[in-house]
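So you can see what is in the structure, the chains are spelled out below.
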Amino acid sequence: LDGSRVRYGRQGQLAFEGRGGLWVVSPDGAEVRRLVTAADGSAPRFTPDGRGLFYVDERQGSRLMYYDIERDDTTQVLAQATEAELTDDGYLLFG
């Protein structure tokens, strides 16, 4: 990895694009989780509280998805987007 596809969360965790999709690593490095639902995922971005992750699912277009880390659950947010960021005051910025 060259670091261009790695995103750091405020809680110390990180997410990156790698073989087989997106991966999330716990702050202490003890847990590495492959997001099975994000096999064709890209552009990961953590929420400010570190509880979730936005990413783009490119299997059927470019859908914006939200992954809840604690629940291990994914939800579609937008039918078309290339990236997103949730601001500290709760606004979703997307392109």
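For the structure, check the block above.
Residues numbered from 1 in each chain as written. Predicted model: local features only at pLDDT ≥ 70, side-chain atom pairs only at ≥ 80, totals over all residues. Heavy atoms only, no water.

1. Re the environment of arginine 33
Link 1 in the chain: In this fold, arginine 33 is placed in strand β4 (residues 32–34).
Link 2 in the chain: It is 9.9 Å that separates the C-alpha atoms of arginine 33 and aspartate 72, two residues lying 39 residues apart in sequence.
Link 3 in the chain: Apart from residues lying up to four places away in sequence, arginine 33 is in contact with Leu22, Trp23, Val24, Tyr67, Ile69 and Asp72.
Link 4 in the chain: Among the polar contacts made by the side chain of arginine 33, one reaches the side chain of glutamate 31 at a distance of 2.9 Å. (Helix = DSSP H or I, 4+ residues; strand = E, 2+ residues; numbered from the N terminus. Contact = heavy atoms within 4.5 Å. Polar contact = N/O pair within 3.5 Å; in protein donor to acceptor, adjacent residues only side chain to side chain.)

2. Some points on the pattern of salt bridges
Link 1 in the chain: Applying the stated rule across the entire model yields 7 salt bridges.
Link 2 in the chain: In this structure, the salt-bridge partner of arginine 33 is glutamate 31, at a minimum N-O distance of 2.9 Å.
Link 3 in the chain: The exposure class of glutamate 31 is partly exposed, given its relative accessible area of 41%.
Link 4 in the chain: With its nearest N and O atoms 2.7 Å apart, the salt bridge here joins arginine 59 to aspartate 57.
Link 5 in the chain: Look at arginine 59 and you get partly exposed, because its relative accessible area is 45%.
Link 6 in the chain: By relative accessible area, which is 0% here, aspartate 57 ends up buried.
Link 7 in the chain: Within the structure, one salt-bridge network assembled from shared partners comprises Arg45, Glu83 and Glu85. (Salt bridge = Lys/Arg side-chain N within 4 Å of Asp/Glu carboxyl O. Buried < 20%, exposed > 50% of the residue type's maximum accessible area, 1.4 Å probe, protein only.)

3. Details of the layout of surface pockets
Link 1 in the chain: Of the volumes computed, that of the largest pocket is approximately 170 Å³.
Link 2 in the chain: Taken together, the residues that form the lining of the largest pocket break down as 4 nonpolar, 4 polar and 4 charged. (1 Å grid on protein atoms, 1.4 Å probe; cavity = no way out; pocket = protein on both sides within 12 Å on 5 of 7 lines; lining within 4 Å. Points joined across faces, edges and corners; volume = space filled by probe spheres on them. Nonpolar A, V, L, I, M, F, W, Y, C, P; charged D, E, K, R; others polar.)

4. A word on the sheet that holds strand β1 (residues 6–8)
Link 1 in the chain: What the 4 strands build is an open sheet, ordered β1-β2-β3-β4; its pairing is antiparallel. Looking along the sheet, the strands with just one partner apiece sit at the ends: β1 and β4. Between one strand axis and the next, the sheet turns through 20° on average, direction left out of account. (Pairing = 2+ DSSP bridges. Axes fitted to C-alpha atoms, helices over the stretch in contact; angles between N-to-C directions.)

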